[in-house]
Amino acid sequence: MRRNSVSIVGAAETTDLGKIPGLSQIQLHADAALNAIADAGLKLSDIDGIATAGESPTNLSHYLGLVPTWVDGTSVGGCSFMLHVRHAAAAINEGLCNTVLITHGESGRSNVGRSAFRGGGRSTIPGQFEGPYGGMGPTTSFTLPFLRYMKDTGTTAEQLAMVAVVQRAWATKNPRATLQTPTTVEEVMNDRMIAYPFTKSECCLVTDGGGALILTRAERAKDFPNKPVYILGTGESVETPMISQMEDFTTSRAFRVSGQKAFEESGITHKDVDHLMIYDAFAHLPFYGLEDLGFCKKGEAGAFIWEQNTAPGGSLPLNTNGGGLSYMHSGMYGMYALQESVRQMRGTAAAQIADAKISVCHGVGGMFAASGTIVMTNDPA
Amino acid sequence: MVDKTKIPLPQPTPETAHFWAGTKNETLKLQRCDDCNNVYFPPRPFCPSCASRKVSVFDASGSATLYSYVINNRPHPAFDGPYSIAVVELEEGPRMMSNIINCPQTPEALELDMPLEVVFESMSEEISLPYFQPATSDSKSSDSRNQ
Ligand SMILES: [Zn+2]
């Protein structure tokens, strides 16, 4: 995409996060959408492009009463919203629409009005070759590569636990975070074992919530009430729907391809990055993200986090909302990572990084199946 | 395993039928590209490396090593207590998911890169699943699986 040609002019989460039994899935989308529209000072009738995942764009358009001229239902898991931002930027630049609404809503905890799980049937390739082996979803498949990563890189269980500790440190600064009590490596390691070597504190939360973004052409951005956030670069890719068929258990190809593309498009170097979000469904994901995006050399991310570089006061603030481990995780967390990047660029985050000008927001979809990366800036130049 | 009926059994498709016919017959079938020699899995009637449709099915040795795993501690109706979900690396190169059986389900007993061999478990009239257990003989470089 063309740098800084498209801007995020509206951003909001659902009014509440956490446990929301009073709202169904589609109303979580709508609640977030209405909040984002109010944030941008727009009316629903101003929206002419719609993108969503987890809910059908047709259902959502009808529910909101929209008449879109551009529709994107890309659904590749929790990073779908990063892909929507990328596709929306291209569509706006091509003149297919002017003002795009991207929504997420998920009743992950309360399970109200939730879309049927679209897991593969027994005749699909994953259903035939992974389905019979007792997998329990993300807790046993997302985690499966990590023992190999540990052995090949020398990363330790203590270093894994430190990821959860550091993200909790960020969450203590955030009144909207689900878990706000500080924790320790010992506590994390002694928590209930879910799927060895991962304890409960190293697995994401399961909560209800939603979020929405509104994008338009950058030259219009100054007419909106909030500080505009510009899209500087974008990337996306997919690898495999089967964890067993990932090319290499120590690195994600989708992360590398998506990250490299986003850095190329944006023209930035790693030194330019003031703030970083790496989708953390499980505590090992920041290791893969830091290495595959090029912030750390192979096998050095464990020590990098252990030495507090990503913690409050560190050189590379990472997952400053508390992340999927401590802030919230409805199932498709990518939207909340994007929301935190927008807040940091607007200067309105709960744990605001002083003078932050560039934020990199990196998402994963499925279990290392897909990836999307968005580079944002508040500098219109 | 305590209850086989709680395992969602594969439903073969035209492209995978040879694999499941093979496991029913206690052989592990892989495919090799006749043009570029690439050995691949899961089954498909073309080479994912060079796109050639000239591919052959052959019997794998059944030897493998333990590439990675987790030990699931949450209850599953088919299993009695914690159990391993593993990815094994076959001697021929491809990797596949399986469970490691006939072995304590502990980090001490499940050592990465340990030698394994395939065993087949009949689950229904149509389906036998390939599982892996610690290697019982030095069959590492042998071409035929000894059973
Ligand atoms: Zn070939």
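Residues numbered from 1 in each chain as written. Chains lettered and ligands numbered in written order. Predicted model: local features only at pLDDT ≥ 70, side-chain atom pairs only at ≥ 80, totals over all residues. Heavy atoms only, no water.

Before going further, it helps to examine the sheet that holds strand 3 (residues 55-59) of chain B. Within a sheet, each strand pairs with its neighbour through backbone hydrogen bonds, oriented either parallel or antiparallel. All names here are of chain B. Read across the open sheet, the three strands follow the order 2-1-3; overall the sheet is antiparallel. Each edge of the sheet is formed by a strand with only one pairing partner; in this case those strands are strand 2 (39-40) and strand 3. Pairing analysis gives two bridges linking strand 1 (residues 29-33) to strand 2, with the strands arranged antiparallel. Within strand 2, the position partnered with Arg32 by the bridge is Val39. (Pairing = 2+ DSSP bridges. Helix = DSSP H or I, 4+ residues; strand = E, 2+ residues; numbered from the N terminus.)

A few words now on the packing of aromatic side chains. Residues and elements named next belong to chain A. Tallied over the entire structure, the rule returns 22 aromatic pairs over all chains. When the ring of Tyr288 is compared with that of Phe368, the centres are 4.8 Å apart and the planes differ by 45°; the resulting orientation is tilted. On the criterion of sequence distance, the pair formed by Tyr288 in helix 10 (residues 285-292) and Phe368 in the loop between strand 10 (358-365) and strand 11 (370-377) is long-range, its members being 80 residues apart. You can call Tyr288 buried: its relative accessible area is 1%. (Phe/Tyr/Trp six-rings, centres within 6.5 Å; stacked < 30°, edge-to-face > 60°. Buried < 20%, exposed > 50% of the residue type's maximum accessible area, 1.4 Å probe, protein only.)

As paired strands, strand 5 (residues 193-196) of chain A and strand 6 (residues 198-199) of chain A are joined by two bridges and run antiparallel to one another. Within the sheet, the bridge partner assigned to Met193(A) lies in strand 6 of chain A and is Thr199(A). Two successive antiparallel strands, strand 5 of chain A and strand 6 of chain A, enclose a turn made up of one residue. Of the pairings in the sheet, the one linking strand 5 of chain A to strand 4 (residues 63-72) of chain B comprises two bridges and is antiparallel in character. When the bridges of strand 4 of chain B are listed, Ala195(A) appears paired with Asn72(B).

This part is about the packing of helix 1 (residues 25-40) of chain A against helix 2 (residues 57-64) of chain A. Residues and elements named next belong to chain A. Put simply, helix 1 and helix 2 touch, their axes get as near as 10 Å, and they point 60° apart. If you check the angle between helix 1 and helix 2, you find them oblique. Of the two elements, helix 1 crosses helix 2, and the hand of that crossing is right-handed. From helix 1, Ile26, Gln27, His29, Ala30 and Ala33 reach across to helix 2, where they touch Asn59, Leu60, Tyr63 and Leu64. A class-by-class count of the residues in the contact of helix 1 with helix 2 yields six nonpolar, three polar and no charged. (Axes fitted to C-alpha atoms, helices over the stretch in contact; angles between N-to-C directions. Parallel < 35°, antiparallel > 145°, perpendicular 65-115°, else oblique. Left-handed = near helix turned anticlockwise from the far one by under 90°. Contact = heavy atoms within 4.5 Å. Nonpolar A, V, L, I, M, F, W, Y, C, P; charged D, E, K, R; others polar.)

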